[in-house]
Amino acid sequence: MTNVPPGAASARADKYYVYRPLIDLIGRSEGTAPPKGRGYNETLGYGAYTGGDVELVSMTLAQVDALQRRMLKHPKNKWNSSAVGWPQIVRKTLLAIRATLRLGGEELFDADMQDRMACYLFGLRGIDKWLAGRLKTETLITNLAQEWASLPKPDGKGYYSGQRASVKVDDVARALDEVRRRHLEGQPRAVETIEKTTVPDAVDKAVEKQTNGWGW
């Protein structure tokens, strides 16, 4: 029987294996991860502005956009936000990602798409530059706090609220340490379908174009 390297099974099933620790942390900080939230089907306010629970993973991007427009028009939406999914992406950001990745709207907003978009945002915030040793950890943590209000700046406070963030700086640092470890160890040799441990090619190229290469 062929020996399978540790982690091979999980990596084989997860093309975002390297960035999973950070994706998981965002689910915790945003309150979308179970048991508190409904994971990839969660919306801002736990369904308060969508008329109850919805199945986002079965909706197309166009349908999600229509839902987000309704959320923004909801009279009780004091946050004026349209955050949806595990990574709580707002409409403006989602539309920008769609434009850059050339997503027409018929694609499903399923778990894979939400992870792909999260990876795109990691790239915009400089995670590949950080992995290459060209961005300080403190700078990356600040950048991520600008994307997700629930994440802390290096001082432990949210970038926008000025209050203590939902998770601690140490939590972010540990997640990033695990991302770096997975990146450095490389994907197991037994996995033939995954060629590298960075953001998938389509996302990688889109971020490079969007940032004029500054993340590289």
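Residues numbered from 1 in each chain as written. Predicted model: local features only at pLDDT ≥ 70, side-chain atom pairs only at ≥ 80, totals over all residues. Heavy atoms only, no water.

A look at the packing of helix 4 (residues 91-101) against helix 5 (residues 111-124)
The relative placement of two packed helices is expressed as an angle between their axes plus a distance between the axes. One way to put it is that helix 4 packs onto helix 5 with a least axis distance of 11 Å and a crossing angle of 90 degrees. Judged on the interaxial angle alone, helix 5 and helix 4 are roughly perpendicular. Two secondary-structure elements touch here, helix 4 through Thr 93, Leu 94, Ile 97, Arg 98, Thr 100 and Leu 101 and helix 5 through Arg 116, Met 117, Tyr 120 and Leu 121. (Axes fitted to C-alpha atoms, helices over the stretch in contact; angles between N-to-C directions. Helix = DSSP H or I, 4+ residues; strand = E, 2+ residues; numbered from the N terminus. Parallel < 35°, antiparallel > 145°, perpendicular 65-115°, else oblique. Contact = heavy atoms within 4.5 Å.)

Overview of the environment of Leu 124
If you trace the backbone, Leu 124 turns up in helix 5. Given a relative accessible area of 22%, Leu 124 falls into the partly exposed group. The spacing of Leu 124 and Asn 143 is 19 residues in sequence and 9.0 Å in space, taken between C-alpha atoms. (Buried < 20%, exposed > 50% of the residue type's maximum accessible area, 1.4 Å probe, protein only.)

Here's the deal with the environment of Ser 166
Tracing the chain through its elements places Ser 166 in the loop between helix 7 (137-147) and helix 8 (169-185). For Ser 166, a relative accessible area of 53% translates into the label exposed. Spatially, the C-alpha atom of Ser 166 lies 8.3 Å from that of Arg 28, the residues being 138 residues apart in sequence. Leave out the neighbours within four places in its chain, and Ser 166 touches Ser 29 and Ser 150.

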